[in-house]
Structures are given as C-alpha cells and as structure tokens.
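If you want the building blocks of each chain, they are given just below.
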2 protein chains.
Amino acid sequence: MQRWFPVLDWARRYDSATLGADLLAAVIVTIMLIPQSLAYAMLAGLPPEVGLYASILPLLAYAVFGSSRTLAVGPVAVVSLMTASAVAPVAAAGLADAVTAAVTLAALSGAILIVMGVLRLGFLANFLSHPVISGFITASGLLIAAGQLRHILGVEGGGGTLPEIFAGLAGQVGAVNPATLGVGAGVLAFLYVARRWFKRGLAGLGLPGALADAVARAAPVMAIGATIAAAGVFDLAARGVELVGAIPAGLPVPGLPVLAPDLVVALLPAAFLISVVGFVESVSVAQTLAARRRERIAPDQELIGLGAANIAAAVSSGYPVTGGFARSVVNFDAGARTPAAGVFTAMGIALATLFLTPWLADLPQATLAATIILAVLSLVDFRAVARTWRYSRSDFAAMAATILVTLGWGVEPGITAGVLLSLALHLWRTSRPHSAVVGQVPGTEHYRNIERHEVLTDPAILSLRVDESLYFANARFLEDRIAALVAERPGLRHVVLMCPAVNDIDASALESLEEINRRLGEAGIRFHLSEVKGPVMDRLRRTDFLTHLTGEVFLSQHAAVCRLRAADGAGCTPAPVS
Amino acid sequence: MQRWFPVLDWARRYDSATLGADLLAAVIVTIMLIPQSLAYAMLAGLPPEVGLYASILPLLAYAVFGSSRTLAVGPVAVVSLMTASAVAPVAAAGLADAVTAAVTLAALSGAILIVMGVLRLGFLANFLSHPVISGFITASGLLIAAGQLRHILGVEGGGGTLPEIFAGLAGQVGAVNPATLGVGAGVLAFLYVARRWFKRGLAGLGLPGALADAVARAAPVMAIGATIAAAGVFDLAARGVELVGAIPAGLPVPGLPVLAPDLVVALLPAAFLISVVGFVESVSVAQTLAARRRERIAPDQELIGLGAANIAAAVSSGYPVTGGFARSVVNFDAGARTPAAGVFTAMGIALATLFLTPWLADLPQATLAATIILAVLSLVDFRAVARTWRYSRSDFAAMAATILVTLGWGVEPGITAGVLLSLALHLWRTSRPHSAVVGQVPGTEHYRNIERHEVLTDPAILSLRVDESLYFANARFLEDRIAALVAERPGLRHVVLMCPAVNDIDASALESLEEINRRLGEAGIRFHLSEVKGPVMDRLRRTDFLTHLTGEVFLSQHAAVCRLRAADGAGCTPAPVS
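Predicted, not measured: the structure shown is a model, and the values here were computed from it. (Residues numbered from 1 in each chain as written. Chains lettered and ligands numbered in written order. Predicted model: local features only at pLDDT ≥ 70, side-chain atom pairs only at ≥ 80, totals over all residues. Heavy atoms only, no water.)

Screw-axis analysis of chain B against chain A gives a translation of 0.0 Å along the axis, an RMSD of 0.2 Å, and a rotation angle of 180°. Those values place the two copies in the arrangement expected of a two-fold rotation axis. When C-alpha positions in chain B are compared against the rotation axis, the closest is assigned to B:Ala501, at 3.9 Å. With an isologous cut-off of 70% or more, the 94% of interface residues of chain B that recur at the interface of chain A puts this contact in the isologous class. (Least-squares fit on C-alpha atoms with pLDDT ≥ 70 in both. Contact = heavy atoms within 4.5 Å.)

The predicted model of chain A has a mean per-residue pLDDT of 90, with 99% of residues at 70 or higher. Our summary of model confidence lists the complex with pTM equal to 0.78 and ipTM equal to 0.76. (pLDDT = per-residue confidence, 0-100.)

What follows concerns a nonpolar patch on the surface. Residues A:Trp4, A:Val115, A:Val118 and A:Leu119 make up a contiguous nonpolar surface patch of about 350 Å² in total accessible area. Structurally, A:Val118 can be placed in helix H6 (residues 98–118). (Patch = residues over 30% accessible without salt bridge, like charges linked within 9 Å, V, L, I, M, F, W, Y side chains within 5 Å. Areas by Shrake-Rupley, 256 points an atom, 1.4 Å probe, with all protein chains shown as cover. Salt bridge = Lys/Arg side-chain N within 4 Å of Asp/Glu carboxyl O. Helix = DSSP H or I, 4+ residues; strand = E, 2+ residues; numbered from the N terminus.)

Let's shift gears to helix H15 (residues 340–355) of chain B. Residues and elements named next belong to chain B. Here H15 is 16 residues long and its end C-alpha atoms lie 23 Å apart, about the 22 Å a rise of 1.5 Å per residue gives. Restricting attention to buried positions, one finds in H15 the residues Ala340, Ala341, Gly342, Phe344, Thr345, Ala346, Gly348, Ile349, Ala350, Ala352 and Thr353. On its buried face, H15 is in contact with helix H1 (7–11), helix H2 (16–43), helix H3 (48–53), helix H4 (57–65), helix H14 (325–333) and helix H16 (357–360). (Expected span 1.5 Å × (residues − 1). Buried < 20%, exposed > 50% of the residue type's maximum accessible area, 1.4 Å probe, protein only.)

All names here are of chain A. One can describe the packing of helix H9 (residues 178–204) onto helix H17 (residues 365–377) by two numbers: an axis separation of 8 Å at closest approach and a directional angle of 35°. Classified by chirality, the crossing of H17 by H9 is right-handed. Across the interface between the two elements, Thr180, Val183, Gly184, Val187, Leu188, Leu191, Tyr192 and Arg195 of H9 pack against Ala366, Thr367, Ala370, Thr371, Ile373, Leu374 and Ala375 of H17. Its residues placed into classes, the contact of H9 with H17 shows ten nonpolar, four polar and one charged. (Axes fitted to C-alpha atoms, helices over the stretch in contact; angles between N-to-C directions. Left-handed = near helix turned anticlockwise from the far one by under 90°. Nonpolar A, V, L, I, M, F, W, Y, C, P; charged D, E, K, R; others polar.)

Okay, the sheet that holds strand S7 (residues 526–530) of chain B next. Residue and element names in this part refer to chain B. A sheet is described by the order of its strands in space; here six strands give the open sequence S4-S3-S5-S6-S7-S8, paired in mixed fashion. What marks the edges here is a single partner per strand, and that holds for strand S4 (447–449) and strand S8 (553–554). In this structure, S7 lies alongside S8, joined through two bridges in parallel fashion. Residue Leu529 lies in a different strand from S8, and its bridge partner there is Val553. Sheet strands in contact with helix H22 (residues 507–522) are strand S6 (494–498) and S7, and its direction is about 140° off that of S7. (Pairing = 2+ DSSP bridges.)

Contacts between the two partners involve 68 residues from chain B and, on the opposite side, 64 residues from chain A. Area buried by chain B at its contact with chain A is led by B:Arg294, B:Tyr391 and B:Arg476, which between them contribute 15% of it. At the boundary of chain B and chain A, one finds three salt bridges. The shortest N-O distance in the salt bridge between B:Asp504 and A:Arg429 comes to 4.0 Å. Run the count over chain B and chain A and you get 27 residue pairs in polar contact (both at pLDDT 80 or more). Secondary structure elements with two or more residues in the side of chain B that touches chain A: helix H7 (130–153), helix H12 (261–292), helix H18 (382–391), helix H20 (411–431), helix H21 (472–487), H22 and helix H23 (534–541) of chain B. Top element by residues in the side of chain B that touches chain A is H21(B). It accounts for nine residues. (Buried area = accessible area lost by both parts, 1.4 Å probe. Polar contact = N/O pair within 3.5 Å; in protein donor to acceptor, adjacent residues only side chain to side chain.)

Regular strands place side chains that alternate from one sheet face to the opposite one. Residues and elements named next belong to chain B. Along S6, five of the five residues are buried, which leaves the element largely enclosed by surrounding structure. Side chains His494, Val496 and Met498 of S6 all project onto a buried face; the interleaved residues Val495 and Leu497 project onto the opposite face, where all are buried too. The pairing of strand S5 (residues 461–466) with S6 spans five bridges and is parallel. The residue of S6 that forms the bridge with Ile461 is His494. For the crossover from S5 across H21 to S6, the handedness is right-handed. What joins S6 to S7 is H22, and the crossover it makes is right-handed. (Right-handed = clockwise from strand over helix to strand, strands pointing away.)

Residues and elements named next belong to chain A. In the structure shown here, the tally under the stated rule is two disulfides over all chains. The disulfide that involves Cys562 links it to Cys572, with 1.9 Å between the sulfurs. Measuring handedness by torsion sign, the sulfur bridge of Cys562 and Cys572 sits at about 125° and is right-handed. Here Cys562, found in helix H25 (residues 557–566), pairs with Cys572, found in the segment after H25; they are ten residues apart in sequence, far enough to count as distant. (Disulfide = S-S within 2.5 Å.)

A few words on H12(B). Residues and elements named next belong to chain B. For H12, built from 32 residues, the straight-helix expectation of 46 Å at 1.5 Å per residue is met to within 8% by its first-to-last C-alpha distance of 45 Å. Approximately 50° is the largest bend angle found in H12, and it occurs at Leu267, with the proline Pro269 only one to four residues beyond. The positive-phi residue at the C-terminal boundary of H12 is Arg294, with phi of around 55°. (Bend = angle between axes of the 7 residues up to and from the residue.)

Tallied over the full model, the rule gives 27 salt bridges over all chains. Ionic pairing is found between A:Arg519 and A:Glu515, a salt bridge with its closest N-O pair at 3.4 Å. Here A:Arg519 and its partner A:Glu515 are both found in helix H22 (residues 507–522), four residues apart, which amounts to about one turn of the helix. Accessibility classification places A:Arg519 together with A:Glu515 in one group, the buried group. A salt bridge links B:Asp467 to B:Arg465; the nearest nitrogen and oxygen atoms lie 2.9 Å apart. Residue B:Asp467 is classed as buried on the basis of its relative accessible area, which comes to 13%. By relative accessible area, B:Arg465 is classed as buried at 17%. A single network of salt bridges, built from pairs that share partners, joins A:Arg429, B:Asp504, B:Asp506 and B:Arg539.

Set out below in structure tokens:
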C-alpha cells in the first residue's frame, strides 16, 4: 500500500513542528504561484482562471501519490508553451475550444503518465538526452519570451515559431501602444531590479534574511497590485491597455471530462511529449532536492504522482501540470518538509480564487507578460551550449538541432528532431566499436594491439579483439571488419575473436557471428572465439551456434594461439617478422 | 576515381575467359529474370513492361557504380510489395497515376541512397536489427502470397493487410473462376514439382549437372510458354481467365522524370524505408557472395551503386530496384565473375522487350501469380522466429511485433513498429547496466561484488563498479542507483565510482556525474573516481568537472581505499564485519 500511496508514509508521523514549517513554505509558494498561474495560463492561450484551477486539485493529488517531499507541482512555463502549441491547431481546426482541448490534453497526459508508472516505463524518459532537453528548454525560453513581446508592446500577433513571431511583430511596428509599453517596460524594469538588488537592499536596511527573501519573492505580486491600481487611477483600458478582464469567481466544479475520440487522436502525440518532458524536468528537480536531505524519490512512483496530478487537473477544468523548478526550490528553501505544504498551497490558491478574482479584472496583460519574460529568461542557458560544444561535437549537434528546429519549426518538431538525431548519433558511435588486431607481446602470454605495440603474429592466424558488447548497431561492423581483414591476408587459416569486453551478444550479433562463421568456412578459414564471459557463453550454449562453429572456444587467447600453432607442429611463439 | 567507379577496377583486366563465364551466367539469369520482372511488376500494381524496363538500365548503372562483382539487381519481391503499398494510396488520392508514382519513388529512393553513400550514412541501416528485418521479410512473404491468391482464384480483391485481403477473398467465394483456378493450380503444382524433383530427375536421365540445373531454372519460362499456348488453344480469355494484355513493344525512351512536390512529400517516408530495406538485403547478399571468393565489397559504395541503379530506373520508366537474393546466388553459381554479367543480362532483357512482348499478351495473370507465390514462400522463415524466441525474449518481442503489425496494418507501420520497439528495448537493456557494490578480497588488492564474494568494506566508503560505458540511456540509472545506495548508508562519507569498463562518457552522463557530485557534496559526501581509462580521462580534463569534483581520481580502487582510510588514520584493510 505504502508503495502506491506515499502519503501513508509521511502523514502518520506528522507533528506540529512539521506543520509550522510546511505552513510557512506554503504561504511563500502561494504568493509566488498566484501571478505564475495567471501568467502561464495566458502563455498557454487559456483564460486566467484555468491557471488557478490547475494550481488547486493537482497539488492535492500529488500530495497523496507523489514520492517527493518537496516538489511543487502546478503550471510551468515549458509545459504551458507545449500546451499552447498543441491546443492552437486543434482549436483553429474547429475540433474543440481551447479549454476543452487543454482539459483533454491534461487527461491524456495523466493517463500516459500513470500507464508508464504502472508498466515501469520510466526508462522511456532516457530517450531525452541531457543535451536535447537542455537545448529544448533554452529554445522554449527564447520562444516564450519572444511570444510575450506583443503583450508588452500592445500589438496583435501570434505564431509558434520565431520567424512567425517576428514577422507578426514587424508588421505592427506602427501600432505599438505607448501606455501598454509603459506598463510592460516598467514592470520588467521593476522585476529585474527586484531580482538583482531587492533582497540585498532589504537586508542592508536591517531586515532579517528570510524576511528580505520573502519580500523579494513577492515582487511580482506587488507589480500586480500596483498595475491594477494604476489601471484604475489612469483608466488604462481607455488608453488601449489590454486588461485580463472578468474572471469567474468560485471554485471549479469537479466533473469527468468528455473525451471526443478525434480530439484524443489529434492530441495524443503532444500529450506524450508533454508527459515525458514534464516527467524528466520534474524528476530531476525532485532528485536534486531529495538528495540534499539524503531522502530519495521513486522515479516510477513519480510517474504515478504526476499522472494523478494531471488527472486532477482534467477533472477540475485545469490544464497539464508538472513539478516546477523555481517553485520547488523556493518550497524547499522556505523549509517545506512534506507534501502537506502542497496541500496548504492549494488551499491558499483556492482562497485566492474565491476572494481575489474580482480584483484581478483590471490587471494589465502586460504585467503578466513581464512576469513571464523575467521567469523564462533564466531557462535560457547558452553557457551549456558552449560547454557541450567543447566536450562532445556529437552531443552539441543534437543540442543545436533541437534549438534550431524548436525555434524555426516549433516545439514538437524540435524535440522529435533532437531525439532522433541523438539516437542516430548514438548508433553511429556504437556502430564502430573499438577493435584491435592483436599479437603476442614477446616473452609473455599477453596480447596487444599490433598498431601500438611490438608484437609477434602468425600469418595463418588473425586475432581480433572487440571492446564492446555486440548488438544490432555494431553487428554489421564486425562482418565488414573481418571481411576486410581476411581479404588482405591470403595465407590466413584461422580467425580468433577475442571477447573479454563483450558483456552481451544479441540476436542480431549472433546471426552476424553465424554469418561470419559460414563465410569464413566457405573460404576455408576456421573461426574461433576466446575469453568469452560466462553469461555470454551460457547463452550461446542455448543455440546451435557452437555446433556449427568451424573452430573452438578457448579460455584464453594464448591457449588459442598455442593450440592452433601446435596443429602445425609449431611452438606457442610466432617467429618475429624479419 | 576507382573508389567511385569500381568498373575501372575490373574492366581493365577483362579477358575472354571472364567473358565466357559472364555470358553463360547472363543467359541463365535472363531466363530467370523475364518471368520475375513481369510478375513483380504485377505485384507492385504496375503494368508488366515497367518490370522489364526496371531490368535494363538499372543493371547497367549498377555495373558501373556497384562494388559487388556478382550482385544481380532488378525488381525484387519485398521492394515490389513496398512499392505497391506506397503507390496505392497516392494513386487513390488522385495525386498521380501508379506509373508516375513508381517512377518518383525510384528517383527519391535513388537520391536517398546516393546521399547516404556520399555522407557515409550506411550505419543508418543498423536501425534495422536482424530480428526486425527477418520478421519483416517473413511477414512480407505471407502478405505477398496471400495477395496473389485472388489471381489464382480469378476473383476481384485487394488490400494491403492480411485482414483486408482475407475479407476481400471471403466475399468472393462464389465468384471463383474454374479456368483461372485450373491454370493457377496447375502452374503452382508444376513449379513446385520442378523445384523439388526436376534437377534430380534430369540428372538421373544422364544430363550433366549444370545443364540439369539450367533446365530446372527455366521452369517458370516453360510455364509461361505453356500457358500462353493454352490461352490460345483453349481461348482462355473467353472462359474468364485474366490475361496480361498488350505490352508496348520497344525500349523505354530515357528522360528525366518530373517530380511533383506534393508527390515527393507524400512518397518520401516510403522511399526512405524502401532504400534502407533494399540496401540491407542487398549488402547482406553481396557480402555473403564476396566472402566465398575472398573478395570484398564497400558498403558505402554499395549505396552509390544501388542509388545509381534506382536513378536509372527512374529515367527509364522503371520502379525501385535492389539486389535480389535468389537471382544473385544463381548468377554466382552460374559462374559470373564481374558486373559485365549484369550488362549482358540487361541486353538479354532488352532483346526480350523488343521481340518477345507481342507473345506475352496472352499470358494468364494466374501464371505470374503462381510464380510469385512459389518465389516468396522461401522468404517465410518460421524457424528463425523459434530460434529467436529461444535465444532472446526481447529480440523475439521486436520480431513478433514486426510480423504482427506488418500483417495487420501494412508494411510501413510494420517496419516502423519493429524499429521503434527494438530501439526501445535496446535502451531499456542498456539503461540498467550491470553494476556492483564492491569490497576488498581479504589479503589481496582485488575488489569484488559484495553479493558474490566474502569481502571487506568500510562503512564510510561506498565503492561502486559500473560495467558499461556511460551515456544518455543509463545516465539517470546511475543517479538513481547512487541516490538509493546513499540513502540506506547513514555513516557514509565517500563514494568511489570504479570505471575500468567505462569506454565513453557522453555529455548526458557527464552532467549526471556533475549532478551526483553536487548532490553528494550537499549531503557532505565526497565523490571519487577510480581506474578511469586514458581517453576518458583526457576528455574529462577538457571540462571543469575535475575542478568541481569534491573528491579525487585514483589510479586503482585499492589506492582509493588506502588513501581515504589513511585520512582517518586507518590502514588499507577494513575490519571484517562482526
């Protein structure tokens, strides 16, 4: 039971000290989450209340099923962008309105995550290599920031790719609304200053560090309050500033979402990508935080926890959620000890939804856009690109492709291109495993690479060492390599494959070995193995490979050379080449 | 020059002995190829002359650019099925007629193969593991045979999947044409007998072996001659037997195909699959035959050769071609020495196109269908399925998925499912590399798995050995494994990662190591490495990982344990656990 419901583990030992810590963390996270949930809903192309709804029930569900103590789930920037990009074409095609599509997406994403968790398919997240995910997040940050510029400038626009966004903006240079630009630029500047100097300044004024920190984190809330006031005082609506408008007060009524089959089919690929990206991000944050307190998380249970959170989003008119990096770190730093902090945060957002929404109607959209821009620019990490370039050109290629395709063609093609390219590059690397023709080190029983050492070889015997497990990606390499080596050695009568580093031989590699054996046999050459590991040998014994093998399996390379030379009446040591 | 034009290599040394051998082989292959080219064109859903055209110019192009001495290119069964499945939806959608679509497919396939050859992308063929390709070929054989049944029964029908084909046949049980069935069943029986007993029977009558063999191979041609005669004598057309009908005489006029952009986009995925499948099949035959004479082929040049052959097919109104298994073996066995045999075969087919076509109008389609069925049933290999099941369950899963999806949903989904599943299974296997917590073997400097040996360990030091290169698929595994091990060892102060089997660390794994280092550091645990290979160490030195590393890099595991224990004033050997 406890495996499936981690809540049973922590709730039993809950005490008042933990309660105090969790409550304090919840207050700080709530202050941070209110503007974020409004802003990310706007980024996802959804009404603001959807962001609030996605910050209530999902947090409760995660508290019951999630295995991390301090992960703060809810709307996050990258998943909101992916939601926008999945919902827009569906809505444009008239399949469903944006909110219905977003709810369907959350339901699908939740179902996918839960299925992955139950079937222990978390390893699928490994398809997303670090360079791909890092490149994708950098590109998403740039796309999101560029996409919000229109709200800062007060112009029309749209588009899911950088060229579309800039083409849209370029056509509207004359239409910039000065009042909107004033609000947007002002909030941007305020938030920038707040982030860089607020905390230090307040601490300098004598405020305790924790309090200074909390006040600094409240900067977006202050910006919201100030611009709402300004909208009233200066009648900004009349000056053309777009306001959020009336938000329905009251909590969402939970209900099962209706899943239209054609909508499900259209959204399934996007739901899968959202699930995997959300999971990877979330697990990485959760693991980092857990390690700091020597706690641990269960990755497969995280899939269930995040799946439950998304199902909860779907039944309460929300949209896809996951664990947010910045928010989780704040939650952790503010002292949260258990997922109860998430429950209290949910209560905070519920109260805000009930009582604050009437005040938010006058909130300028430019304020939210500025909040988003400041938040996502921290996602952009060009130094990671430079670091990857220095370390590995093939990893860099995967990263660069992800960034360029994401910016130029959108999020789904971007992540797909990155995954495919990194798989292809991986196959390319492992398709040419390190291998060496070896010869005897004089006076020893050791065999070394003939290109690097002065060694003795017998022209009738070719000894080849492979330094990698044999599987489908490199099976054909071995055929090619042996064919090439044999073609240039007319006097050859024996090929010995030295396998000390072969941990596995899959069915493709087995067929290649059979093929090599057959081809060598037809050319009158015997094929031998040496130094085969125990488990590999056990598996070969289950096939008829060993009965077809024209040669033998030797325990050591030296035993092979001795025996094969003895058949010619020669000793163990070949004569040096004169 | 010789690299790009292998013809320069063999043509210079061409002599009359080689000419005689090549000519004899060409006669035998031509006799085999005439019925095959007609039949496979019908299988591809194209007029019969397209099959003949695909057997002339492509053979000349391969003779110039191909690296195999004995590969016989031309129409083959599996590629014809894939062509049918790609062309049918395009033709049904009205994008183009079948012949135009097939020509476009050949042009695309040729271009893809040449680009792969020039960029040395032959390794992409490694995506197709042996179990996937073998399962795909078995399923294709079954699909082709089932699809030809309607020609034997003389009923209408169609469909690209087994359920569709059988649903079509089931609805037509009453419409079976007795005359057609007579011809089809007769030819099937004749060909079956010819294949099993002809050669032996003729040899028993005193015919020399080679001649008996050639006569046996001419069985399909005899069947064609006999059924054409029967069609005339018994007026089979009036009895409802479908005949091939008038075939335009004369050679195709070479001309550049017009590539419509929407057609190109629609056919590109199929062209890619056809290219890769054709290449894999072709290279495997070519390599087998080359090895018998200790020759070798150049896989990247094979891409160019096959690409040129497909471009030649496209400019001469043909359809996609590749190296055929059965035909190449016949060519080799008949004594072909150089690709000139292919040139002579092309001449033979050209002569047939010029002078035989008027005679072929009366050929019953049932004869061709019987030829196809006999040819493809040798592709079906259930023993390979059983063998794979015994050897490896995950390889079997990939094979079974390929077979079932190909039969149930068609060739493109089938091969895609197989490739994706084998990649996923490979990732799954390598995402959990073998790793072991190790301890000191008493009285030695050796460190072994604590679960298998009686070893000594220090509660402050965790030594973990990983038996695999570290890359994106297993990077997160390492994070999880270390997090789990650390969580259950409260007194831990050092983690030593033992890397004697780590041949590579990619950027994902490097980030994981940095993350592990950071997390352990925050928990007050130092992170060390031991027995890192030279090239891996060189690469780590190019990063700032070593400056952030909280611990050290030790040459040996024993040096690590000695040094870390010495810092506590203890000796190299931990006390036994009491």
